[in-house]
Amino acid sequence: MTYQRVTQAEFLAKYWPEINFQFNWANLLQMYPNGQLFIALLETRLVGVILFDRIFSNEFDRIHNVEVASQMRQRHIGAHLIAQVAQDSFDHAFAGFVQLTTKTNGTEKFYARLSGIVDHQNVIFYPDASMALIKRYLSGGNCHDQSK
């Protein structure tokens, strides 16, 4: 599995459309034109993607959407993508703060297992939780592109 940062233009040109995804990522990218992307690739096939913005005014990263292809779930790909965003938060002097809004269909339990603090639909990863994600999924958080 390879994880990497890509631009929106690169994502649309090289990896989209992908039939194994439920969300229309082209529409999501239009909603967040400044959004940042990390992707997960199995060889050359897209199997996971996360979209987030850096909120400089409040010093945190805001995840807008994360999706893993249905046949690739339960392999920690989503957790790895969230860890990438946590590393980005530290890299931009946001101290590891990451926020998102979750669905209430059981997905919130996934974030709680990753040590996110769930308050209704809001989830916050505080610095300790973000650092734990980085250490577990990014081999200490030394870089963004990791192959495993």
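Residues numbered from 1 in each chain as written. Predicted model: local features only at pLDDT ≥ 70, side-chain atom pairs only at ≥ 80, totals over all residues. Heavy atoms only, no water.

Which residues make up the packing of aromatic side chains, and what values go with them?
To describe a pair of aromatic rings, you give the distance between the ring centres and the angle between the ring planes. Within the structure shown, the criterion is met by seven aromatic pairs. With 6.4 Å between their ring centres and 65° between their planes, Phe 11 and Trp 25 make a pair best called edge-to-face. Residue Phe 11 is found in helix α1 (residues 8–14), and its partner Trp 25 is found in helix α2 (residues 25–31); the two are separated by 14 residues along the sequence. Pair check on accessibility: Phe 11 and Trp 25 agree, each one buried. Here the aromatic rings of Phe 97 and Tyr 126 are separated by 5.8 Å at their centres, their planes lie at 80°, and the arrangement is edge-to-face. Of this pair, Phe 97 sits in the loop between α3 (77–91) and β5 (98–101) while Tyr 126 sits in the loop between β7 (122–125) and α5 (127–137), and the two are 29 residues apart along the sequence. One aromatic cluster in this structure is built from Phe 11, Trp 16, Phe 21 and Trp 25. (Phe/Tyr/Trp six-rings, centres within 6.5 Å; stacked < 30°, edge-to-face > 60°. Helix = DSSP H or I, 4+ residues; strand = E, 2+ residues; numbered from the N terminus. Buried < 20%, exposed > 50% of the residue type's maximum accessible area, 1.4 Å probe, protein only.)

Give a detailed account of the layout of surface pockets, specifying residues and quantitative values.
Over the atoms, a rolling probe the size of a water molecule traces out where space has been left empty. Taken as a whole, the largest pocket spans an internal volume of roughly 770 Å³. Looking at the lining of the largest pocket, the elements with two or more residues in it are β4 (60–68), α3, β5, α4 (107–113) and α5. Element by element, the count of residues in the lining of the largest pocket is highest for β4, at six residues. Here the lining of the largest pocket is built from residues that sort into 12 nonpolar, 11 polar and six charged. (1 Å grid on protein atoms, 1.4 Å probe; cavity = no way out; pocket = protein on both sides within 12 Å on 5 of 7 lines; lining within 4 Å. Points joined across faces, edges and corners; volume = space filled by probe spheres on them. Nonpolar A, V, L, I, M, F, W, Y, C, P; charged D, E, K, R; others polar.)

Just give me the short version of α5, but keep the residues and values in it.
Within α5 the residues assigned to the buried category are Ala 129, Ser 130, Leu 133, Ile 134 and Tyr 137. Across the axial projection of α5, the buried residues extend over an arc of 140°, all falling on one side. Facing away from the buried side of α5, by more than 90 degrees, are the exposed residues Asp 128, Lys 135 and Arg 136. Buried-residue contacts for α5 involve α3, β5 and β7. (Arc of directions from axis to C-beta. Contact = heavy atoms within 4.5 Å.)

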